[in-house]
Amino acid sequence: MAATVIAATALLPASATASNTVVTFAGTGVASSTGDGQQSPTATINAATGLAMLSDGTILIAEFGGNRIRAISSGGVTSTLMGTGTATSTGDGGTPAAATVNGPRDVVVVPGGTGSTYTYYVSELTGQRIRKVSVVAGTGTVSTIAGTGTAGFSGDGGAASSAQLSNPTGLSVDAVTGDLYIADTANNRIRKITATAGVITGSSTITTVAGNGTAGSSGDGGTAIAAAINGPQGVLATAAVGNAATAGTFLIADTAGQRIRQVDAAGTITTYIGTGTACASATASCGDGGLRVGAGVRSPINIISDGAGGIYWADSGANRIRRVNAAGWVSPVIGAGATCGTSTDRCGDGGPAEFAAITTTYDVLLGADGTTIYEVDANNRMRARVVDTPPSGSTGPAGATGPTGATGATGATGATGATGATGAQGPTGPTGPTGAQGAQGAVGPAGAAGADGATGPQGATGAQGAAGPTGPTGATGPQGPVGSAGAQGAAGTTGSQGVAGDQGAAGTAGAQGATGPQGAAGSQGATGPQGSTGTQGATGTQGATGQTGPQGAAGTQGAAGADGASGLAGPDGPAGAQGATGPAGPAGANGQNGQNGSEGQVGAQGTRGPEMPLLVTLPASRVRVRQARKATLRFFVSGPANVTLRLVRRDRTVKTIRRSYKGAGRRQVSLGRLKRGRYRVVLVGVRDTFTSADRSILVVR
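Cut-offs used in this document
- Residues numbered from 1 in each chain as written.
- Predicted model: local features only at pLDDT ≥ 70, side-chain atom pairs only at ≥ 80, totals over all residues.
- Heavy atoms only, no water.
- Helix = DSSP H or I, 4+ residues; strand = E, 2+ residues; numbered from the N terminus.
- Buried < 20%, exposed > 50% of the residue type's maximum accessible area, 1.4 Å probe, protein only.
- Contact = heavy atoms within 4.5 Å.
- Areas by Shrake-Rupley, 256 points an atom, 1.4 Å probe, with all protein chains shown as cover.
- Disulfide = S-S within 2.5 Å.
- Pairing = 2+ DSSP bridges.
- Axes fitted to C-alpha atoms, helices over the stretch in contact; angles between N-to-C directions.
- pLDDT = per-residue confidence, 0-100.
- Phe/Tyr/Trp six-rings, centres within 6.5 Å; stacked < 30°, edge-to-face > 60°.
- Lys NZ or Arg CZ within 6 Å of the ring centre and 35° of its normal.
- Salt bridge = Lys/Arg side-chain N within 4 Å of Asp/Glu carboxyl O.
- Polar contact = N/O pair within 3.5 Å; in protein donor to acceptor, adjacent residues only side chain to side chain.

(A) Examining the overall build of the chain more closely. The helix and strand inventory of the chain stands at 10 helices and 32 strands. Evaluated residue by residue, the chain yields a buried proportion of 53% over its 701 residues. Contacts in the chain between residues at least 24 apart in sequence constitute 59% of all its contacts with a sequence separation of at least 6. Of the roughly 27,800 Å² of accessible surface on the chain, 54% is carried by carbon and sulfur atoms.

Following this line, the structure appears as C-alpha cells:
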C-alpha cells in the first residue's frame with residue numbers, strides 16, 4: 001500500500017503496545033456515520049465492508065450501511081470523502097462530496113499516487129456499478145466506468161460502461177499494467193477492465209478472465225475462463241511492481257466454493273488453499289499451524305498481500321483473519337472463531353489478538369509500517385492488531401548462511417589537503433645603492449620590503465622569501481566503509497517455524513467448547529420447520545434467496561436438506577443473511593436450483609455470503625404500548641427476500657407475518673391493534689445484521 005508509516009497508530013491505547021494485542025481503532029459498535037472531524041475511536045461507522053490506504057497513510061473505508069466512503073487521516077481524524085447517505089448512484093462529473101453512492105462494498109487505490117493527486121475505485125453492490133474518483137491537486141471528479149445499474153451479464157469485449165454486472169464485490173489493481181479486476185459475484189466470474197497507459201475510463205474494454213458463469217468449484221489445471229467458480233467475493237492482483245512477468249496473475253476468493261484459487265500468467269487455474277468443504281465449525285482449527293496444502297477455509301472473502309510473499313484473508317465464516325506465509329504455513333492473526341456477544345462488548349480488546357472475538361469479518365488491511373493489521377466486521381468497528389512480533393515458538397533450524405556480500409566500493413579519494421600557508425615574507429633586502437635605478441629593476445620579483453627602499457624601488461630586495469613548504473597533503477579521505485556483509489541467509493525460514501508457535505493459539509480450540517452455545521443456536525435451526533414453509537420460499541424464486549441459490553444447487557442432494565435441519569448449519573445461515581448478496585436475482589435462471597437449496601437448508605450454508613449482506617433493517621427490538629392502539633412496523637430491505645417477522649409478548653408469539661419482496665426498499669407491515677404491554681419484534685430466518693434506529697420506526701397509533 002503506502003510507503004509512509006501511518007502516524008494514526010500513535011492514537012492507539014497504551015495497552016496496544018504489547019506484542020500482538022488487538023484494540024478497537026474506529027467505531028463504537030453503533031451502526032451510524034457520525035463523528036466527522038473527531039478522532040477515530042469516538043466516531044461511528046455503519047457496516048464497513050472494505051478498506052484501502054492512500055500514499056500519505058490515510059485509510060479509506062467503504063461504508064456499506066452508510067452509503068459513504070469515509071476516511072481516517074494519518075493523524076486519526078475522521079471525515080467523509082464520498083456520499084451523502086442516500087442509496088443512489090448520482091453525481092458523475094461532479095465532486096465526490098456531492099455525489100451519492102449505492103451500497104459501496106469495496107474500495108481500492110491505484111498505486112503511485114500522492115497525498116493530493118490519486119485515484120480510487122468503488123464497487124457498488126446494490127448500485128451494480130464500478131465508480132471512479134480521480135483527485136488532482138486536491139479536487140476530485142466522479143465517473144462511472146462499468147455497469148449500467150441493472151444486474152445481469154453482458155458486454156464482454158466492449159466498453160465497460162455499457163456492460164452489465166451482478167453484485168460486484170472485491171476489487172484489485174494490477175501494479176504493472178493498471179488493469180482493474182472485479183469479483184462479479186452473482187455472475188460467478190472475475191472480470192477485468194484493461195487500462196491504457198495505466199488509465200481506465202468508461203470506454204475501456206471489459207472481459208472475463210475467470211469463471212464460466214456456472215456456480216461450482218472445478219477446472220483446476222485448465223484455463224481459468226473455462227473453470228467454474230462459486231460466488232467469488234474477493235480478488236487480489238499479484239503482479240509485482242517492476243516485474244512484467246507477473247502481470248496478469250491473481251488470486252480468487254472462491255467464497256461459496258470454500259477455496260482460494262490462483263491464476264498464473266498463462267491463465268491456468270489451480271487451488272491455493274481449501275478443500276472445497278467448509279471447516280466443520282467457526283472455532284475449528286481449519287489447518288492452522290500446518291501447511292496450506294490440505295488446510296481448510298470457511299467462506300473466504302477479501303485477500304491482501306502480506307508484503308513478504310504470503311497473504312492475509314478475511315475468513316468470514318470462521319470469524320477470523322488468517323495468514324499463509326511465504327513458506328506455506330497457515331496461522332490465525334485475529335480472532336479465535338467465536339462471535340462477539342454484542343456490538344458494544346469489548347470482545348477481547350487489550351488481549352492477545354488470536355483470542356479476540358469478532359463477528360463476520362469483511363476485509364483486512366496491512367498498515368504502511370508493515371506490522372499493524374486492520375480489519376472491519378459486522379460489529380460496526382475497525383479493529384487493529386499492533387506490534388506484530390513473531391510468537392516465541394521453538395527455534396527453528398538455522399537458515400543457510402547467506403552469500404558473502406560484495407566488497408564495498410572503495411571510498412572516494414580524500415579531498416586534496418589545503419594549500420600550505422604562503423611562506424613568511426623574506427627579510428627586507430638591504431637598501432640598494434642609490435645607483436641607477438634601472439639596475440635595480442632587475443631585482444627579484446615582488447620582494448616585500450624592498451619597495452620601501454629610498455633607493456631604487458625594490459632594489460635588490462632579497463629574493464622573495466622562499467615559498468613556505470607546501471602544506472602537508474591533506475589526509476586521504478577515510479576509505480569508504482566496506483559494504484556490509486550480505487544479510488545472513490533467510491534465517492527467515494526460522495521465522496516460519498516460529499509460526500508454528502501460533503499453534504499454541506490453536507489452544508483456542510478450548511474455546512471450541514464455547515461452540516456449545518452455538519449448538520443452542522440449533523434451536524434456531526429448529527425453526528427449520530418454518531423453513532418448510534419454504535413453499536413460501538418457492539414463491540421466492542424471486543430470490544433464489546439469492547446467491548444462496550447456487551449453493552442451494554448442492555441442495556439438489558435433497559436429503560442433504562436434512563443436514564440443513566441439523567441446526568448447526570443454522571448459525572452459519574445467519575452469516576449467510578449477509579450473503580444475501582446472492583439475491584442477485586440474475587441467478588434467477590437457476591432459481592429452480594434455489595428451491596432445491598431451500599429444501600436442504602444446505603443452501604443456507606451456501607449463504608456464507610455473510611460478506612454480501614442482505615439487510616433487513618429493523619427498528620429497536622422492543623417497544624412498549626401504553627394503551628390499546630394500532631401499530632405499524634416500518635423497515636428496510638436491501639434486496640429480494642422472503643421475510644418472516646414475529647411479534648412476541650411475554651415470550652408468546654402474538655402474530656407472525658410473512659412477506660416476499662422483489663427488491664430493495666423501505667417496507668411497512670400493519671400489526672393490527674395491540675393491547676397494552678411490552679412487545680419484541682423478532683426477525684426469523686434472515687439475519688438482522690445492521691440495525692439502525694434512525695432508518696426505521698415502529699409506529700403505534
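(B) Representation of the environment of tyrosine 181 within the structure. By the secondary structure assignment, tyrosine 181 is in strand β11 (residues 180-184). If we skip the residues at most four places from it in the chain, tyrosine 181 touches Gly170, Leu171, Ser172, Asp174, Ile190, Arg191, Lys192, Val209, Val235, Ala237, Gly248 and Phe250.

(C) Structural context of the state of the cysteines. Taken as a whole, this structure holds two disulfides when the rule is applied. In this model cysteine 279 forms its disulfide with cysteine 286; the gap between the sulfur atoms is 2.1 Å. Two residues share a disulfide in this structure: cysteine 340 and cysteine 347, whose sulfurs sit 1.4 Å from each other. The chirality of the disulfide connecting cysteine 340 with cysteine 347 is right-handed, given an S-S dihedral of about 45 degrees. What connects to what in the chain, once the bonded cysteines are numbered by sequence position, is 1-2, 3-4.

(D) Spotlight on the sheet that holds strand β17 (residues 269-273). Pairing is antiparallel in the open sheet, where four strands are placed in the order β14-β15-β16-β17. Two strands lie at the open edges of the sheet, namely β14 (234-237) and β17, each paired on one side alone. The average angle at which neighbouring strand axes cross in this sheet is 25 degrees, direction not considered. Of the strand pairs in this sheet, strand β16 (residues 259-263) and β17 are connected by four bridges, and their pairing is antiparallel. Counterpart to valine 263 in the pairing with β17 is isoleucine 269.

(E) How the structure looks around the environment of isoleucine 69. Residue placement: isoleucine 69 occurs in strand β4 (residues 68-72). Note on isoleucine 69: relative accessible area 0%, which makes it buried. On a C-alpha basis, the gap between isoleucine 69 and leucine 51 in space is 9.7 Å, while along the polypeptide they are 18 residues apart. Setting aside anything within four residues of it in sequence, one finds isoleucine 69 in contact with Ile61, Ala62, Thr80, Leu81, Met82, Pro104, Tyr120 and Val122.

(F) Local environment of the confidence of the model for the chain. For the chain, per-residue confidence averages 72 on the pLDDT scale, and residues scoring 70 or more make up 60% of the total. Low pLDDT, under 50, characterises residues 13-17; the predicted model gives this stretch nine contacts beyond four residues in sequence or across chains. Across residues 687-701 the pLDDT falls below 50, and counting only partners more than four positions away or on other chains, this stretch makes 58 contacts in the model.

(G) Quick peek at the sheet that holds β4. Sheet architecture is open: four strands sit in the order β2-β3-β4-β5, paired in antiparallel fashion. If you trace the sheet from one side to the other, it starts and ends with β2 (48-53) and β5 (78-82), each paired once. Each adjacent strand pair in this sheet contributes to an overall mean axis angle of 30 degrees, direction not counted. When β2 meets strand β3 (residues 59-63), the two strands line up antiparallel, connected through five bridges. By the bridge assignment for β3, glycine 50 is matched with alanine 62.

(H) Fine view of the pairing of strand β7 (residues 118-124). Burial analysis of β7 places seven of its seven residues in the buried class, which makes it a mostly covered element. Burial along β7 is two-sided: Tyr118, Tyr120, Val122 and Glu124 facing one way and Thr119, Tyr121 and Ser123 facing the other are all buried. Inspection of the sheet shows β7 paired to strand β8 (residues 129-136) by seven bridges, in the antiparallel sense. Paired with tyrosine 120 across the two strands is valine 133, which belongs to β8. From the end of β7 to the start of β8, which pair antiparallel, there are four residues, and glutamine 128 there has a positive phi angle of about 55 degrees.

(I) Representation of unusual backbone geometry in the model. Positive phi, close to 50 degrees, is recorded for asparagine 67, a residue that is not glycine. Position of asparagine 67 relative to the elements: it lies in the loop between β3 and β4. The backbone phi angle of glutamine 258 is positive, close to 55 degrees, even though this residue is not glycine. Its location among the elements puts glutamine 258 in the loop between β15 (250-254) and β16. Owing to a relative accessible area of 2%, glutamine 258 belongs among the buried residues under this scheme.

(J) Molecular detail of the packing of aromatic side chains. Applying the stated criterion across every chain yields a total of three aromatic pairs. Measuring from centroid to centroid gives 6.3 Å for tyrosine 118 and tyrosine 120, while their planes differ by 20 degrees, and the two rings are stacked. Of the two residues, tyrosine 118 and tyrosine 120, both sit in the buried class. Residue placement shows arginine 189 over the ring face of phenylalanine 153; its charged tip is 3.7 Å from the ring centre. The side chain of arginine 292 reaches across the aromatic face of tyrosine 272, ending 4.2 Å from its centre.

(K) Representation of the pattern of salt bridges. Under the counting rule described, the total for this entry stands at 15 salt bridges. Aspartate 306 is paired through a salt bridge with arginine 323; the nearest N and O atoms lie 2.9 Å apart. Note that aspartate 306 is positioned in the loop between β18 (300-305) and β19 (311-315) and arginine 323 in strand β20 (residues 320-324), a separation of 17 residues in sequence. Via salt bridges that share partners, Asp288, Asp315, Arg320 and Arg322 belong to a single interconnected network.

(L) Molecular detail of the side chain of aspartate 306. Judged by its relative accessible area of 7%, aspartate 306 is buried. Side-chain polar atoms of aspartate 306 contact the backbone nitrogen of glycine 309, separated by 3.3 Å. Within the structure, the side chain of aspartate 306 is placed 2.7 Å from the backbone nitrogen of glycine 310, a separation counted as a polar contact. Non-local contacts of aspartate 306, meaning those with residues more than four positions away in its chain, are made with Ile311, Tyr312, Arg323, Val324, Asn325 and Leu366.

(M) Structural detail: the pairing of β14. Neither face of β14 is exposed, since Gly234 and Leu236 on one face and Val235 and Ala237 on the opposite face are all buried. Looking at chain direction, β14 and β15 are connected through four bridges and run antiparallel. The partner of alanine 237 across the bridge, within β15, is phenylalanine 250.

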